[in-house]
Amino acid sequence: MTNEYWLLILGAGAVTWLPRILPFVFSRNVTFTPRFRQFLDYLPLCILAALLLQSLLTVEEGGLPRLKLQETLACIPTFLIGYYTKDLMKIVITGIITIALIRLIG
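Cut-off values and rules
- Residues numbered from 1 in each chain as written.
- Predicted model: local features only at pLDDT ≥ 70, side-chain atom pairs only at ≥ 80, totals over all residues.
- Heavy atoms only, no water.
- Phe/Tyr/Trp six-rings, centres within 6.5 Å; stacked < 30°, edge-to-face > 60°.
- Lys NZ or Arg CZ within 6 Å of the ring centre and 35° of its normal.
- Axes fitted to C-alpha atoms, helices over the stretch in contact; angles between N-to-C directions.
- Helix = DSSP H or I, 4+ residues; strand = E, 2+ residues; numbered from the N terminus.
- Parallel < 35°, antiparallel > 145°, perpendicular 65-115°, else oblique.
- Contact = heavy atoms within 4.5 Å.
- Salt bridge = Lys/Arg side-chain N within 4 Å of Asp/Glu carboxyl O.
- Buried < 20%, exposed > 50% of the residue type's maximum accessible area, 1.4 Å probe, protein only.

Colleague: If you had to explain the packing of aromatic side chains to someone new, which residues and values would you point to?
Modeller: Within the structure shown, the criterion is met by three aromatic pairs. Lys86 extends its terminal NZ or CZ atom over the ring of Tyr83, reaching a point 4.9 Å from the ring centre.

Structure below.
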């Protein structure tokens, strides 16, 4: 490998690493108001909900968003397992097995 590849790998690592670490470095000495802290507590949930909704919808140019039926059906047992167990590994395994079975059948 030439030096260009190593520089590219280091640059890509820095571009990936810096935006994730810098907010923690800058916010370490800042005291947030309780209201802003409450807002920050909801961010992970909102991000996960947005990612889920994005994966459940398909959009064709000039049309309205449509639900992907297989993925939406796979969410039902996955949500139930998540609600009752609150175990991430069980949730992921349930989702993978459910979508695999739905795709195998359909």
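Okay, back to it.
Colleague: Tell me about the packing of helix α2 (residues 34-56) against helix α3 (residues 69-85), residues and numbers included.
Modeller: Between α2 and α3, the least distance of the axes is 9 Å, while the angle of their chain directions is 140°. Relative to α3, the element α2 lies oblique. Counting all contacts with α2, which are made through Leu52, Ser55 and Leu56, the residues of α3 involved are Glu71, Thr72, Cys75 and Phe79.

Colleague: Please provide a residue-by-residue account of unusual backbone geometry, values included.
Modeller: Positive phi, normally seen in glycine, also occurs at Lys86, with a value near 55°. By the secondary structure assignment, Lys86 is in the loop between α3 and α4 (88-105).

Colleague: Can you break down the pattern of salt bridges residue by residue, with the values?
Modeller: If you walk through the whole model with that rule in mind, you get three salt bridges. The salt bridge involving Glu60 is made with Arg66; its shortest N-O contact spans 3.7 Å. Since its relative accessible area comes to 47%, Glu60 is described here as partly exposed. Between Arg103 and Glu71 there is a salt bridge, with its nearest N and O atoms 3.1 Å apart. Placement of the pair is Arg103 in helix α4 and Glu71 in helix α3, with a sequence separation of 32 residues. Under the relative-accessibility criterion, Arg103 is labelled partly exposed at 48%.

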